[in-house]
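Overview (structure and organization)
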Amino acid sequence: MDVEWAVSGAIAGLPAGAVARGVVHRLAVPAGEPDRGCPVCGGRVGWTGRCCGRALGPRLEWFTAAVVALLAARFAGRPELAAFAFLGVLGVVLALVDVAVERLPDRLTLPAYPVVVALLGMTGDWAALGRAVLGGVALGGVYLVLAVLRPGGVGMGDVKLAGVLGLALGWLGWPELVLGGALAFVLLAGVGVVLLAARRITTRDALAFGPFMLVGALVAVTV
Ligand SMILES: [Zn+2]
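Note that the structure is a prediction, hence the values are computed from the model and not measured.

Attention shifts here to the nonpolar core. One finds F84, L120, Y143, W171 and M213 to be the most contacted residues of the largest nonpolar core, which totals 55 residues. Of all elements in the fold, only α1 (3-27), α2 (61-74), α3 (81-101), α4 (106-121), α5 (126-149), α6 (156-172), α7 (174-197) and α8 (210-222) reach the threshold of two or more residues within this core. For this core, the element with the highest residue contribution is α3, accounting for twelve residues. Not counting residues within four places of it along the chain, the set of residues in contact with M213 comprises Y143, D158, L161, A162, L165 and A184.

Counted according to the given criterion, the structure contains five salt bridges. Of the charged contacts in the structure, one is a salt bridge between R26 and D35, with a shortest N-O distance of 2.8 Å. Overall, R26 belongs to the buried group, its relative accessible area being 3%. Its salt-bridge partner being K160, residue D106 comes within 2.7 Å of it at the nearest N-O pair. In this pair, D106 is assigned in helix α4 and K160 in helix α6, connecting sequence segments 54 residues apart. D106 sits in the partly exposed class, given a relative accessible area of 36%.

Time to look at the environment of V89. Within the secondary structure, V89 is located in helix α3. Of the residues examined, V89 reaches a relative accessible area of 18% and is grouped as buried. Residues V89 and V148, spaced 59 residues apart in sequence, show a C-alpha to C-alpha distance of 29 Å. Setting aside residues up to four positions removed in sequence, V89 forms contacts with A16, A20, T64 and V68.

Now for the UniProt feature "transmembrane region" (unreviewed entry) in the chain. Mapped onto the present numbering, the UniProt feature "transmembrane region" (unreviewed entry) falls at residues 83-101, 108-126, 132-149 and 180-198. The span residues 83-101 is 100% helix and 0% strand, and its two end C-alpha atoms sit 27 Å from each other. With 95% helix and 0% strand, residues 180-198 has end C-alpha atoms that lie 27 Å from one another.

What follows is about the coordination of the zinc ion. Around the zinc ion, the donor atoms from the protein are C38 (SG), C41 (SG), C51 (SG) and C52 (SG), and they sit 2.2 to 2.3 Å away. Given four donor atoms and angles of 105 to 124° at the metal, the environment of the zinc ion is assigned as tetrahedral. Taken in chain order, the donor set of the zinc ion reads C-x2-C-x9-C-C. You can see C41 sitting in the loop between α1 and β1 (50-51) and its partner C51 sitting in strand β1, a full ten residues away along the chain. Taking the relative accessible area as the measure of exposure, C41 reaches 47% and is therefore partly exposed.

At their nearest, the axes of α4 and α6 sit 9 Å apart, and the two run at 20° to each other. Taken together, the axes of α4 and α6 lie roughly parallel to each other. Crossing geometry of α4 relative to α6 is assigned as left-handed. Contacts between α4 and α6 pair D106, T109, L110, A112, Y113, V116, V117 and L120 from the former with V159, K160, L161, G163, V164, L167 and W171 from the latter. A class-by-class count of the residues in the contact of α4 with α6 yields eleven nonpolar, two polar and two charged.

Turning our attention to the packing of aromatic side chains. Pairs of aromatic rings are described using the distance from one ring centre to the other and the angle between the two planes. Inspection of the entire model under this criterion finds four aromatic pairs. Plain terms: the ring middles of F75 and F84 are 4.3 Å apart, the flat faces sit at 25° to each other, and that makes the pair stacked. Here F75 matches F84 in class, with each residue buried. Summarising the aromatic geometry, the rings of Y143 and F209 are spaced 5.7 Å apart at their centres and angled 40° between planes, so their arrangement reads as tilted. Here the residue Y143 occupies a position in helix α5, and F209 occupies one in the loop between α7 and α8, the gap between them amounting to 66 residues. Judged by its relative accessible area of 2%, Y143 is buried. In this structure an aromatic cluster arises from ring pairing among Y143, F185 and F209.

Before going further, it helps to spend a moment on the packing of α5 against α7. Closest axis-to-axis distance for the α5/α7 pair is 10 Å, and the angle between their directions is 25°. Relative to α7, the element α5 is oriented roughly parallel. Like other packed secondary-structure pairs, α5 and α7 cross with a definite hand, here right-handed. Residues R131, L134, G135, A138, L139, Y143 and L146 of α5 form the contact with α7, whose participating residues are W174, L177, G181, A184 and F185. Considered class by class, the residues forming the contact of α5 with α7 number nine nonpolar, two polar and one charged.

Rules behind the numbers
- Residues numbered from 1 in each chain as written.
- Predicted model: local features only at pLDDT ≥ 70, side-chain atom pairs only at ≥ 80, totals over all residues.
- Heavy atoms only, no water.
- Core = buried A, V, L, I, M, F, W, Y, C linked by side-chain atoms within 4.5 Å.
- Buried < 20%, exposed > 50% of the residue type's maximum accessible area, 1.4 Å probe, protein only.
- Helix = DSSP H or I, 4+ residues; strand = E, 2+ residues; numbered from the N terminus.
- Contact = heavy atoms within 4.5 Å.
- Salt bridge = Lys/Arg side-chain N within 4 Å of Asp/Glu carboxyl O.
- UniProt positions renumbered as here; feature names shortened; annotations may be inferred.
- Donors = N, O, S within 2.8 Å, 3.2 Å for Na, K, Ca; no water.
- Tetrahedral: all angles 85-135°; square planar, octahedral: opposite > 155°, others 65-115°.
- Axes fitted to C-alpha atoms, helices over the stretch in contact; angles between N-to-C directions.
- Parallel < 35°, antiparallel > 145°, perpendicular 65-115°, else oblique.
- Left-handed = near helix turned anticlockwise from the far one by under 90°.
- Nonpolar A, V, L, I, M, F, W, Y, C, P; charged D, E, K, R; others polar.
- Phe/Tyr/Trp six-rings, centres within 6.5 Å; stacked < 30°, edge-to-face > 60°.

Here it is, written out as structure tokens:
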């Protein structure tokens, strides 16, 4: 654990978290509906998430700061930190939106592909970048098969997120890719059993899969 990098990451994560909560406020709406506006004036909310003198959306600043601090400590000073910090902030937004409305908007997942490839490419490590692309194709492919086999379980939003996470996990290596991919299912099963036992859900409910994919990837990246 690199304390200085963790502190720097936390400091950078606070303003990133302020933007993240604004994005969650805007995009946590059912598919096809316009972005959520300001509850006071009804106007359009900018990406800073502020309108009518207050910050909108869930309080994500400290949570985002903790995620970025963890990643900054893990990649202390290494050139791929930018890509992983970006994915950490994006992951916070995606997890919150998925929990709220059970979808992972294309507007968040699709632009992540060129951003992550560009940030990883800036490191100049072409062997790792090639493995990252293969990892994205592999994990995205597995989820695509699952989405075709069980349309009600895994959705196309999950497939697009899997491709992005596959890039990051593949960059680190094949063991990380397998671990991160498998952890999502282990976590889903574990949480599902607990919620079933507590009668919070029934066997007919489908849990949003995105948060489990994201937490699984974060654990595989940092452990
Ligand atoms: Zn307003």
